[in-house]
Amino acid sequence: MSSTAAAPAAPVAADAMLASIRAVIPPLQHTGDAGAPQVPTRKGLSGRVLVVGGSEEYSGAPFFAGMAALRTGADICHVVCDSISSPVIKGFSPDLIVHPYLRNISYDPTNAFFFATGTDVFAAPPHPPDSTYKDIAQSDSQAIAVIVQKVAEILERVHVVVIGPGLSRDPLAQAVAERILERVGTLGLPVVIDAGIDAEMMTKGEAAAELSRRLGNVLIMQKGSDDVLTDGTTSIACSFPGSPRRCGGQGDILSGTLATFLAWTALAARQQKSGGAAASAVLPTRLAVLSATAAAATVVRRASLLAFAARGRSMVARDVLEQVGAAFGGLWDGGSEEEGGGAKLAAAAMAAAETGEASFRRNVAVL
(Lines give C-alpha, C1' and ligand atoms only; values in the text may rest on other atoms or scores of the structure.)
Protein backbone atom coordinates (compact mmCIF):
# COMPACT_ATOMS: atom_id res chain seq x y z
CA MET A 1 0.00 0.00 0.00
CA SER A 2 1.35 3.42 -0.90
CA SER A 3 2.19 5.95 1.79
CA THR A 4 -0.50 8.28 0.42
CA ALA A 5 -3.21 5.69 0.96
CA ALA A 6 -2.38 4.91 4.56
CA ALA A 7 -3.30 7.19 7.44
CA PRO A 8 -0.15 8.50 9.16
CA ALA A 9 0.58 7.32 12.67
CA ALA A 10 -0.38 9.82 15.35
CA PRO A 11 3.18 10.46 16.62
CA VAL A 12 4.40 11.21 13.07
CA ALA A 13 1.47 13.55 12.48
CA ALA A 14 2.07 15.31 15.78
CA ASP A 15 5.76 15.78 14.93
CA ALA A 16 4.85 17.20 11.52
CA MET A 17 2.42 19.64 13.09
CA LEU A 18 4.98 20.64 15.71
CA ALA A 19 7.50 21.38 12.96
CA SER A 20 4.92 23.48 11.14
CA ILE A 21 4.03 25.45 14.27
CA ARG A 22 7.69 26.10 15.12
CA ALA A 23 8.30 27.32 11.57
CA VAL A 24 5.69 30.08 11.72
CA ILE A 25 6.02 31.48 15.27
CA PRO A 26 7.97 34.75 14.93
CA PRO A 27 11.24 34.76 16.89
CA LEU A 28 11.65 37.17 19.78
CA GLN A 29 14.92 39.02 19.78
CA HIS A 30 16.32 41.55 22.22
CA THR A 31 18.33 44.35 20.68
CA GLY A 32 22.01 43.53 20.88
CA ASP A 33 21.65 39.78 21.53
CA ALA A 34 25.08 38.31 20.78
CA GLY A 35 24.97 35.83 17.94
CA ALA A 36 21.22 36.14 17.47
CA PRO A 37 19.96 35.96 13.87
CA GLN A 38 19.00 39.34 12.51
CA VAL A 39 15.24 39.36 12.03
CA PRO A 40 12.99 42.32 11.19
CA THR A 41 11.35 43.70 14.31
CA ARG A 42 9.15 46.39 12.80
CA LYS A 43 5.70 46.85 14.29
CA GLY A 44 3.16 44.70 12.47
CA LEU A 45 5.51 41.95 11.33
CA SER A 46 4.15 39.62 13.99
CA GLY A 47 0.63 39.92 12.64
CA ARG A 48 -2.11 42.44 12.00
CA VAL A 49 -5.64 41.21 12.73
CA LEU A 50 -9.13 42.51 11.92
CA VAL A 51 -12.17 41.45 13.98
CA VAL A 52 -15.64 42.21 12.56
CA GLY A 53 -18.43 41.87 15.10
CA GLY A 54 -20.12 43.37 18.09
CA SER A 55 -23.65 44.65 18.59
CA GLU A 56 -25.86 46.42 21.09
CA GLU A 57 -26.17 43.20 23.10
CA TYR A 58 -22.66 41.78 22.65
CA SER A 59 -19.77 44.19 23.10
CA GLY A 60 -17.58 41.72 24.99
CA ALA A 61 -17.19 39.18 22.19
CA PRO A 62 -15.09 41.29 19.78
CA PHE A 63 -13.09 42.57 22.75
CA PHE A 64 -12.18 39.04 23.82
CA ALA A 65 -11.35 37.99 20.26
CA GLY A 66 -9.20 41.05 19.62
CA MET A 67 -7.37 40.95 22.93
CA ALA A 68 -6.76 37.20 22.59
CA ALA A 69 -5.10 37.88 19.25
CA LEU A 70 -2.82 40.42 20.91
CA ARG A 71 -2.16 38.23 23.97
CA THR A 72 -1.15 35.38 21.67
CA GLY A 73 1.41 37.59 19.99
CA ALA A 74 -0.13 39.66 17.18
CA ASP A 75 1.16 43.23 17.01
CA ILE A 76 -1.98 45.09 15.97
CA CYS A 77 -5.71 44.39 16.10
CA HIS A 78 -8.49 46.40 14.46
CA VAL A 79 -12.12 45.92 15.47
CA VAL A 80 -14.95 46.92 13.14
CA CYS A 81 -18.21 47.16 15.09
CA ASP A 82 -21.37 49.26 15.34
CA SER A 83 -21.55 52.72 16.88
CA ILE A 84 -23.27 51.43 20.03
CA SER A 85 -20.63 48.90 21.02
CA SER A 86 -17.68 51.02 19.83
CA PRO A 87 -17.27 53.24 22.93
CA VAL A 88 -17.75 50.22 25.19
CA ILE A 89 -14.97 48.28 23.45
CA LYS A 90 -12.70 51.32 23.47
CA GLY A 91 -13.34 51.64 27.19
CA PHE A 92 -12.38 48.00 27.73
CA SER A 93 -8.90 48.47 26.25
CA PRO A 94 -6.87 51.16 24.48
CA ASP A 95 -4.85 48.38 22.80
CA LEU A 96 -7.59 47.81 20.21
CA ILE A 97 -8.12 50.09 17.21
CA VAL A 98 -11.90 50.41 17.02
CA HIS A 99 -13.84 51.51 13.93
CA PRO A 100 -17.62 52.14 14.40
CA TYR A 101 -18.61 51.37 10.81
CA LEU A 102 -21.34 48.74 11.15
CA ARG A 103 -24.98 49.83 11.27
CA ASN A 104 -28.36 48.26 12.14
CA ILE A 105 -31.68 48.98 10.45
CA SER A 106 -34.73 50.40 12.20
CA TYR A 107 -37.60 47.95 12.42
CA ASP A 108 -40.10 50.78 12.89
CA PRO A 109 -42.02 50.78 9.57
CA THR A 110 -43.06 54.42 10.09
CA ASN A 111 -39.51 55.76 10.11
CA ALA A 112 -36.77 55.67 7.54
CA PHE A 113 -33.35 54.58 8.73
CA PHE A 114 -30.57 57.17 8.58
CA PHE A 115 -26.88 56.73 9.15
CA ALA A 116 -23.72 58.61 8.37
CA THR A 117 -20.38 57.25 7.22
CA GLY A 118 -17.72 59.92 7.10
CA THR A 119 -19.18 62.83 5.17
CA ASP A 120 -21.90 60.77 3.48
CA VAL A 121 -25.39 60.55 4.91
CA PHE A 122 -27.79 57.90 3.60
CA ALA A 123 -31.48 57.38 4.16
CA ALA A 124 -32.72 53.82 3.74
CA PRO A 125 -36.42 53.15 3.18
CA PRO A 126 -38.44 51.60 6.01
CA HIS A 127 -38.08 47.85 6.32
CA PRO A 128 -40.77 45.48 7.59
CA PRO A 129 -39.95 43.30 10.60
CA ASP A 130 -39.59 40.18 8.46
CA SER A 131 -36.89 41.67 6.21
CA THR A 132 -34.01 39.33 5.49
CA TYR A 133 -30.42 40.37 4.96
CA LYS A 134 -30.88 39.67 1.23
CA ASP A 135 -33.80 42.09 1.12
CA ILE A 136 -31.66 44.70 2.83
CA ALA A 137 -28.71 44.04 0.52
CA GLN A 138 -30.90 44.81 -2.51
CA SER A 139 -32.62 47.94 -1.17
CA ASP A 140 -29.64 49.46 0.66
CA SER A 141 -26.86 48.49 -1.74
CA GLN A 142 -25.37 51.99 -1.92
CA ALA A 143 -25.14 52.36 1.84
CA ILE A 144 -23.67 48.87 2.21
CA ALA A 145 -21.08 49.62 -0.48
CA VAL A 146 -19.87 52.67 1.45
CA ILE A 147 -19.44 50.65 4.65
CA VAL A 148 -17.65 47.82 2.87
CA GLN A 149 -15.32 50.26 1.12
CA LYS A 150 -14.25 51.73 4.45
CA VAL A 151 -13.61 48.24 5.80
CA ALA A 152 -11.73 47.36 2.59
CA GLU A 153 -9.19 50.05 3.42
CA ILE A 154 -8.41 48.15 6.64
CA LEU A 155 -8.34 44.80 4.84
CA GLU A 156 -5.43 46.03 2.74
CA ARG A 157 -3.35 46.34 5.92
CA VAL A 158 -4.11 43.10 7.80
CA HIS A 159 -3.04 39.47 7.53
CA VAL A 160 -6.15 37.71 8.83
CA VAL A 161 -9.82 38.46 9.48
CA VAL A 162 -12.23 37.21 12.15
CA ILE A 163 -15.91 37.61 11.31
CA GLY A 164 -18.72 36.97 13.73
CA PRO A 165 -17.90 37.51 17.43
CA GLY A 166 -20.98 39.20 18.87
CA LEU A 167 -22.25 40.14 15.41
CA SER A 168 -25.87 41.23 15.38
CA ARG A 169 -28.52 39.09 13.70
CA ASP A 170 -29.77 42.37 12.28
CA PRO A 171 -30.29 42.03 8.50
CA LEU A 172 -28.15 45.04 7.60
CA ALA A 173 -25.24 43.83 9.75
CA GLN A 174 -25.54 40.38 8.17
CA ALA A 175 -25.62 41.85 4.66
CA VAL A 176 -22.51 43.92 5.36
CA ALA A 177 -20.72 40.89 6.85
CA GLU A 178 -21.45 38.88 3.72
CA ARG A 179 -20.00 41.59 1.49
CA ILE A 180 -16.92 41.89 3.71
CA LEU A 181 -16.45 38.12 3.49
CA GLU A 182 -16.62 38.35 -0.31
CA ARG A 183 -13.94 41.05 -0.28
CA VAL A 184 -11.76 38.96 2.03
CA GLY A 185 -12.01 36.12 -0.48
CA THR A 186 -10.84 38.30 -3.37
CA LEU A 187 -7.79 39.33 -1.34
CA GLY A 188 -6.94 35.73 -0.44
CA LEU A 189 -6.77 36.45 3.29
CA PRO A 190 -7.27 33.66 5.84
CA VAL A 191 -10.55 34.12 7.70
CA VAL A 192 -12.00 32.76 10.94
CA ILE A 193 -15.80 32.65 10.97
CA ASP A 194 -17.43 32.46 14.37
CA ALA A 195 -20.25 29.91 14.13
CA GLY A 196 -22.64 32.51 15.51
CA ILE A 197 -22.64 34.26 12.16
CA ASP A 198 -24.59 31.38 10.67
CA ALA A 199 -25.45 29.05 13.52
CA GLU A 200 -28.05 27.17 11.47
CA MET A 201 -25.25 25.44 9.55
CA MET A 202 -24.04 23.76 12.72
CA THR A 203 -27.40 22.58 14.06
CA LYS A 204 -28.45 20.13 11.39
CA GLY A 205 -26.77 17.12 12.95
CA GLU A 206 -24.18 16.73 10.21
CA ALA A 207 -20.79 15.37 11.12
CA ALA A 208 -18.10 18.04 11.05
CA ALA A 209 -16.14 16.26 8.31
CA GLU A 210 -19.21 15.91 6.08
CA LEU A 211 -20.12 19.55 6.63
CA SER A 212 -16.56 20.55 5.72
CA ARG A 213 -16.80 18.67 2.43
CA ARG A 214 -20.17 20.22 1.63
CA LEU A 215 -18.66 23.67 2.17
CA GLY A 216 -15.65 23.01 -0.06
CA ASN A 217 -13.29 21.44 2.49
CA VAL A 218 -13.09 24.47 4.76
CA LEU A 219 -11.48 23.79 8.10
CA ILE A 220 -14.02 23.34 10.89
CA MET A 221 -13.35 23.22 14.61
CA GLN A 222 -16.07 21.45 16.61
CA LYS A 223 -15.63 22.32 20.27
CA GLY A 224 -16.43 19.78 22.96
CA SER A 225 -14.83 17.61 25.62
CA ASP A 226 -12.28 17.02 22.85
CA ASP A 227 -11.91 19.66 20.13
CA VAL A 228 -12.27 18.05 16.70
CA LEU A 229 -10.56 19.78 13.76
CA THR A 230 -11.31 18.66 10.23
CA ASP A 231 -10.95 19.81 6.66
CA GLY A 232 -13.07 16.95 5.37
CA THR A 233 -9.98 14.88 4.57
CA THR A 234 -7.99 14.86 7.79
CA SER A 235 -9.55 14.97 11.25
CA ILE A 236 -7.61 15.73 14.42
CA ALA A 237 -8.72 15.45 18.03
CA CYS A 238 -7.30 17.76 20.67
CA SER A 239 -7.81 16.24 24.12
CA PHE A 240 -5.69 18.73 26.02
CA PRO A 241 -7.00 19.13 29.57
CA GLY A 242 -9.27 22.16 29.86
CA SER A 243 -11.52 23.79 32.41
CA PRO A 244 -14.77 22.19 33.64
CA ARG A 245 -16.27 25.69 33.60
CA ARG A 246 -18.18 26.63 30.44
CA CYS A 247 -18.42 30.39 30.90
CA GLY A 248 -19.26 32.53 27.91
CA GLY A 249 -16.50 34.17 25.89
CA GLN A 250 -14.09 31.25 25.58
CA GLY A 251 -15.06 30.71 21.95
CA ASP A 252 -14.27 34.35 21.21
CA ILE A 253 -10.87 33.94 22.84
CA LEU A 254 -10.30 30.88 20.67
CA SER A 255 -11.21 32.87 17.53
CA GLY A 256 -8.65 35.54 18.33
CA THR A 257 -5.93 33.08 19.28
CA LEU A 258 -6.49 31.16 16.06
CA ALA A 259 -6.38 34.40 14.08
CA THR A 260 -2.85 35.12 15.29
CA PHE A 261 -1.62 31.63 14.42
CA LEU A 262 -3.18 31.94 10.96
CA ALA A 263 -1.61 35.37 10.48
CA TRP A 264 1.78 33.84 11.24
CA THR A 265 1.05 31.02 8.81
CA ALA A 266 0.14 33.51 6.08
CA LEU A 267 3.28 35.57 6.74
CA ALA A 268 5.46 32.45 6.59
CA ALA A 269 3.84 31.36 3.34
CA ARG A 270 4.45 34.82 1.90
CA GLN A 271 8.11 34.60 2.90
CA GLN A 272 8.35 31.18 1.29
CA LYS A 273 6.86 32.48 -1.94
CA SER A 274 9.34 35.35 -2.05
CA GLY A 275 12.27 32.99 -1.38
CA GLY A 276 12.94 34.14 2.17
CA ALA A 277 15.54 32.52 4.35
CA ALA A 278 12.92 30.48 6.19
CA ALA A 279 11.37 29.08 3.02
CA SER A 280 12.65 25.55 3.59
CA ALA A 281 11.04 25.40 7.04
CA VAL A 282 7.50 26.15 5.86
CA LEU A 283 5.33 23.08 5.30
CA PRO A 284 2.43 22.85 2.83
CA THR A 285 -0.42 25.24 3.44
CA ARG A 286 -2.99 22.55 4.28
CA LEU A 287 -0.79 21.06 7.00
CA ALA A 288 0.18 24.53 8.21
CA VAL A 289 -3.46 25.55 8.66
CA LEU A 290 -4.36 22.32 10.46
CA SER A 291 -1.32 22.78 12.69
CA ALA A 292 -2.15 26.41 13.46
CA THR A 293 -5.67 25.43 14.47
CA ALA A 294 -4.43 22.63 16.72
CA ALA A 295 -1.94 25.02 18.32
CA ALA A 296 -4.68 27.57 19.03
CA ALA A 297 -6.90 24.90 20.58
CA THR A 298 -4.13 23.75 22.91
CA VAL A 299 -3.33 27.30 24.02
CA VAL A 300 -6.93 28.17 24.88
CA ARG A 301 -7.65 24.87 26.61
CA ARG A 302 -4.48 25.30 28.69
CA ALA A 303 -5.36 28.93 29.46
CA SER A 304 -8.81 27.92 30.66
CA LEU A 305 -7.29 25.27 32.92
CA LEU A 306 -4.87 27.78 34.40
CA ALA A 307 -7.71 30.24 34.95
CA PHE A 308 -9.80 27.60 36.69
CA ALA A 309 -6.86 26.71 38.91
CA ALA A 310 -6.72 30.30 40.07
CA ARG A 311 -10.44 31.10 40.22
CA GLY A 312 -12.32 27.84 40.47
CA ARG A 313 -16.07 28.12 40.01
CA SER A 314 -15.89 31.92 39.82
CA MET A 315 -13.81 31.82 36.64
CA VAL A 316 -14.99 34.11 33.82
CA ALA A 317 -13.70 34.74 30.31
CA ARG A 318 -11.47 37.61 31.34
CA ASP A 319 -9.61 35.23 33.66
CA VAL A 320 -8.97 32.95 30.68
CA LEU A 321 -7.78 35.90 28.59
CA GLU A 322 -5.27 36.83 31.26
CA GLN A 323 -3.78 33.33 31.09
CA VAL A 324 -3.35 33.15 27.30
CA GLY A 325 0.20 34.52 27.46
CA ALA A 326 1.25 32.09 30.19
CA ALA A 327 -0.32 29.16 28.35
CA PHE A 328 1.41 30.12 25.11
CA GLY A 329 4.74 30.55 26.86
CA GLY A 330 4.53 27.19 28.60
CA LEU A 331 3.67 25.41 25.37
CA TRP A 332 5.60 27.15 22.63
CA ASP A 333 8.21 29.51 24.09
CA GLY A 334 9.85 26.98 26.42
CA GLY A 335 8.75 28.88 29.49
CA SER A 336 6.73 27.86 32.49
CA GLU A 337 3.33 28.94 33.70
CA GLU A 338 2.71 30.36 37.12
CA GLU A 339 0.07 27.97 38.28
CA GLY A 340 -1.87 29.55 41.10
CA GLY A 341 -3.73 27.60 43.71
CA GLY A 342 -7.31 26.56 43.17
CA ALA A 343 -9.66 23.66 42.97
CA LYS A 344 -8.31 20.15 43.45
CA LEU A 345 -9.76 19.11 40.11
CA ALA A 346 -7.71 21.71 38.24
CA ALA A 347 -4.58 20.95 40.25
CA ALA A 348 -4.88 17.24 39.50
CA ALA A 349 -5.47 17.85 35.81
CA MET A 350 -2.45 20.12 35.56
CA ALA A 351 -0.28 17.66 37.45
CA ALA A 352 -1.20 14.97 34.94
CA ALA A 353 -0.60 17.16 31.89
CA GLU A 354 2.92 17.73 30.68
CA THR A 355 3.98 21.17 29.52
CA GLY A 356 5.80 22.03 26.34
CA GLU A 357 5.89 19.99 23.14
CA ALA A 358 5.58 16.64 24.93
CA SER A 359 2.07 17.61 25.94
CA PHE A 360 1.19 18.40 22.32
CA ARG A 361 2.32 14.95 21.18
CA ARG A 362 0.31 13.25 23.90
CA ASN A 363 -2.93 15.18 23.46
CA VAL A 364 -3.18 15.75 19.70
CA ALA A 365 -3.89 12.78 17.45
CA VAL A 366 -5.11 12.03 13.94
CA LEU A 367 -8.46 10.25 14.04
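Residues numbered from 1 in each chain as written. Predicted model: local features only at pLDDT ≥ 70, side-chain atom pairs only at ≥ 80, totals over all residues. Heavy atoms only, no water.

Caption draft 1: Looking closely at the pairing of strand β9 (residues 227-230). When strand β8 (residues 220-222) meets β9, the two strands line up antiparallel, connected through three bridges. Looking across to β9, one finds that I220 is bridged to T230. If you look at the hairpin formed by β8 and β9, you'll find four residues sitting between the two strands. In this sheet, strand β10 (residues 235-238) lies alongside β9 in antiparallel orientation, the contact comprising four bridges. Each residue of the ladder has a partner; that of V228, found in β10, is A237. Hairpin connection, β9 to β10: the antiparallel pair is bridged by four residues, and G232 has positive phi, about 85 degrees. (Pairing = 2+ DSSP bridges. Helix = DSSP H or I, 4+ residues; strand = E, 2+ residues; numbered from the N terminus.)

Caption draft 2: Local environment of the environment of L267. Within the element layout of this structure, L267 appears in helix α8 (residues 250-273). Judged by relative accessible area, L267 falls into the buried class, the value being 18%. With 243 residues separating them in the primary sequence, L267 and V24 have C-alpha atoms 7.8 Å apart. With near-sequence residues (within four places) excluded, L267 lies in contact with L45, S46, G47 and H159. (Buried < 20%, exposed > 50% of the residue type's maximum accessible area, 1.4 Å probe, protein only. Contact = heavy atoms within 4.5 Å.)

Caption draft 3: Focus on the packing of helix α2 (residues 60-72) against α8. At their nearest, the axes of α2 and α8 sit 7 Å apart, and the two run at 40 degrees to each other. Classified by the angle their axes make, α2 and α8 are oblique. Handedness of the α2/α8 crossing: right-handed. Between α2, through A61, F64, A65, A68, A69 and T72, and α8, the contact on the second element is made entirely by D252, I253, G256, T257, T260, F261 and W264. (Axes fitted to C-alpha atoms, helices over the stretch in contact; angles between N-to-C directions. Parallel < 35°, antiparallel > 145°, perpendicular 65-115°, else oblique. Left-handed = near helix turned anticlockwise from the far one by under 90°.)

Caption draft 4: Main features of the sheet that holds strand β2 (residues 76-82). An order of β3-β2-β1-β6-β7 is seen for the five strands of this open sheet, with the pairing classed as parallel. Every other strand in the sheet has two partners, leaving β3 (97-102) and β7 (191-193) as the edge strands with one partner each. In this sheet, adjacent strand axes meet at a mean angle of 20 degrees when their direction is disregarded. Contacts from helix α5 (residues 141-155) reach β1 (48-52), β2, β3 and β6 (160-163), with the element oriented near 155 degrees to β3. The sheet strands contacting helix α6 (residues 171-187) are β1, β3, β6 and β7, and the helix crosses β6 at an angle near 160 degrees.

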